[in-house]
Amino acid sequence: MARRVDPYSIRLFVSAARAGSIVRAAEQEHIAPSALSRRLADLERAFGTPLLVRSPRGVALTDAGRTVLARGEQIDEDLQALVREVQTRGGEVRGTVRLYANMSAVVGFLPERLRAFMAAYPEVEVSLTEHDTRDVVRACLDDRADVGIGVAMAVPGGLESWPFAVDPLQVVLPAGHALAKRKALSFLQVLEQPLIGVHRHGALDRSLHERAAALHRSFAPTVSVSSFDAVCRMVEAGLGIAVIPRSAAAAYAGNPRFVRRPLDEPWAERELRMYALRKSPRLRAVAALIDNLQG
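Each value, and the rule that gives it
All residue numbers here refer to positions counted from 1 along the written sequence of the relevant chain. Residues qualify for local features only when their pLDDT is at least 70, as the model is predicted, and side-chain atom pairs are given and counted only at 80 or more; totals for whole chains, interfaces and linings, by contrast, use all residues. To obtain the side-chain values, all non-hydrogen atoms of the structure were used and water was disregarded. Here a strand pair is declared whenever DSSP counts at least two bridges between the two strands. What counts as a helix is a DSSP run of H or I of at least four residues, what counts as a strand is a run of E of at least two, and both are numbered from the N terminus. The axes are straight lines fitted to the C-alpha atoms, using for helices just the contacting stretch, and the angles between their N-to-C directions are given from 0 to 180°. Contacts between residues were defined by any pair of non-hydrogen atoms, one from each residue, lying within 4.5 Å. As used here, the term nonpolar core means buried Ala, Val, Leu, Ile, Met, Phe, Trp, Tyr and Cys residues forming a set that is joined through side-chain atoms within 4.5 Å. Throughout this description, buried means an accessible area under 20% of the type-specific maximum (1.4 Å probe, protein chains only), exposed means over 50%, and partly exposed covers the range between. This arc describes the spread of directions from the helix axis toward the C-beta atoms. Angle categories are assigned with fixed cut-offs, so that under 35 degrees is roughly parallel, over 145 is roughly antiparallel, 65 to 115 is roughly perpendicular, and the rest are oblique. In this scheme the crossing of two helices becomes right-handed for a clockwise turn of the near helix relative to the far one and left-handed for an anticlockwise turn of less than a right angle.

Undergrad: Explain the sheet that holds strand β6 (residues 159-166) to me, and be specific about the residues and the numbers.
TA: What holds strands together in a sheet is hydrogen bonding between their backbones, with the strands either parallel or antiparallel. Strand order in the open sheet made by the 5 strands is β4-β3-β5-β12-β6, with mixed pairing throughout. The two strands at the open ends of the sheet, each matched to only one other strand, are β4 (124-130) and β6. The sheet shows a mean angle of 25° between the axes of neighbouring strands, direction not considered. With 3 bridges connecting them, strand β3 (residues 95-101) and strand β5 (residues 147-151) associate as parallel partners. Along β5, the bridge assignment pairs Leu99 with Val147. Sitting on the sheet, helix α7 (residues 133-141) touches β3, β5, β6 and β12 (271-277), and the angle it makes with β5 is about 150°.

Below, the structure written as structure tokens:
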């Protein structure tokens, strides 16, 4: 008799295949890596064939795994759609909202706003995933995210958009830096200094490269890291200065070891917006989250 294949294991397999890593998939699915690994092993036993090739660098799909991924993605989407359809018919505001947000929103604004929302709607679960703005918008278009938050940008007509927050760019310098006495800094002045970059190829990184190119200069960080707290540690150590959103600067460089100065450029007035696929009717839980998160 064939072993039972349960939908949750299919979902975990899809997450691991997309992430290319059991550890990253476990973080996304809020499950211990060891438990996820056991689930995947049970799934392989149920199918009677390996689905993943495991290595220190992550996981890769076998031929059978590619087949299961293609069908598994559709199964997971169909099940999620069924759950969400049932949730729309209830009288209470409840269910799960898939929220994708960029790093600035996660660091600077979401914790307090989500706390207030979840206190007001205790029956609603918010599944938060951090992504770059381009991936946030794509997830909304693909209906993998109910709500997305990212840098303001031109989006296709199928998406609706709402204001979320104003988060201008600032320059973070170590205390005692030669430019610390200035009230504001131009981008040209910044480009003359050793630089610390963040999230290579992310929205902010791309924007700074484009702005530097417009000045016929290059944005060439001596060090690039993956998070705002790491950026500030590098600045604190004297490795360079950085351009990051004000929210991140306040969170990680708000002590006397740092100096924060406005970036004196019109384009530095950075706006974050919420995005969602145009739907009617919209899930009550999704509509409630949009209403409560607007800035």
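Undergrad: Residues and numbers for the nonpolar core, please.
TA: Grouped together as the largest cluster of nonpolar side chains are 35 residues, with contacts concentrated most on Val171, Phe187, Val190, Val231, Ile244 and Leu263. Listed by contribution, the elements that provide at least two residues to this core are β7 (169-174), α8 (187-191), β8 (196-198), α9 (203-214), α10 (228-236), β10 (242-245), α11 (246-252) and β11 (258-262). Excluding anything up to four places from it in sequence, Val171 contacts Leu185, Val190, Ile241, Ala242, Val243, Val259, Arg260, Arg261 and Leu263. Grouped together as the second largest cluster of nonpolar side chains are 26 residues, Val97, Ala105, Val147 and Ala285 included.

Undergrad: Before we move on, can you summarise α10 with the specific residues and values?
TA: Along α10, the residues that are buried comprise Phe228, Val231, Cys232 and Val235. The arc enclosing the buried residues of α10, seen along the axis, measures out at 95°, which places them on a common side. Positive phi appears at Gly238, one or two residues downstream of α10, with a value of about 85°.

Undergrad: Which residues make up unusual backbone geometry, and what are the values?
TA: Here the phi dihedral of His30 falls at roughly 55°; this positive angle occurs in a residue that is not glycine. Of note, His30 is situated in the loop between α2 (22-29) and α3 (33-47).

Undergrad: Before we move on, could you go through the sheet that holds β7 and cite the residues and values that matter?
TA: Spatial strand order, β10-β7-β11: 3 strands in an open sheet with antiparallel pairing. One side of each edge strand has no neighbouring strand; the edge strands of this open sheet are β10 and β11. On average, each strand axis in the sheet is tilted by 35° relative to the strand beside it, whichever way the strands run. Strand direction decides the pairing type here: β7 and β10, joined by 4 bridges, are antiparallel. The residue of β10 that forms the bridge with Gln170 is Ile244.

Undergrad: Just give me the short version of the packing of helix α1 (residues 7-19) against α2, but keep the residues and values in it.
TA: As a packed pair, α1 and α2 sit with axes 8 Å apart at the nearest point and diverge in direction by 125°. The pairing of α1 with α2 is recorded here as oblique in orientation. In this structure, α1 crosses over α2, and the sense of that crossing is right-handed. Contacts between α1 and α2 pair Arg11, Leu12, Ser15, Ala16 and Ala19 from the former with Arg24, Ala25, Gln28 and Glu29 from the latter.

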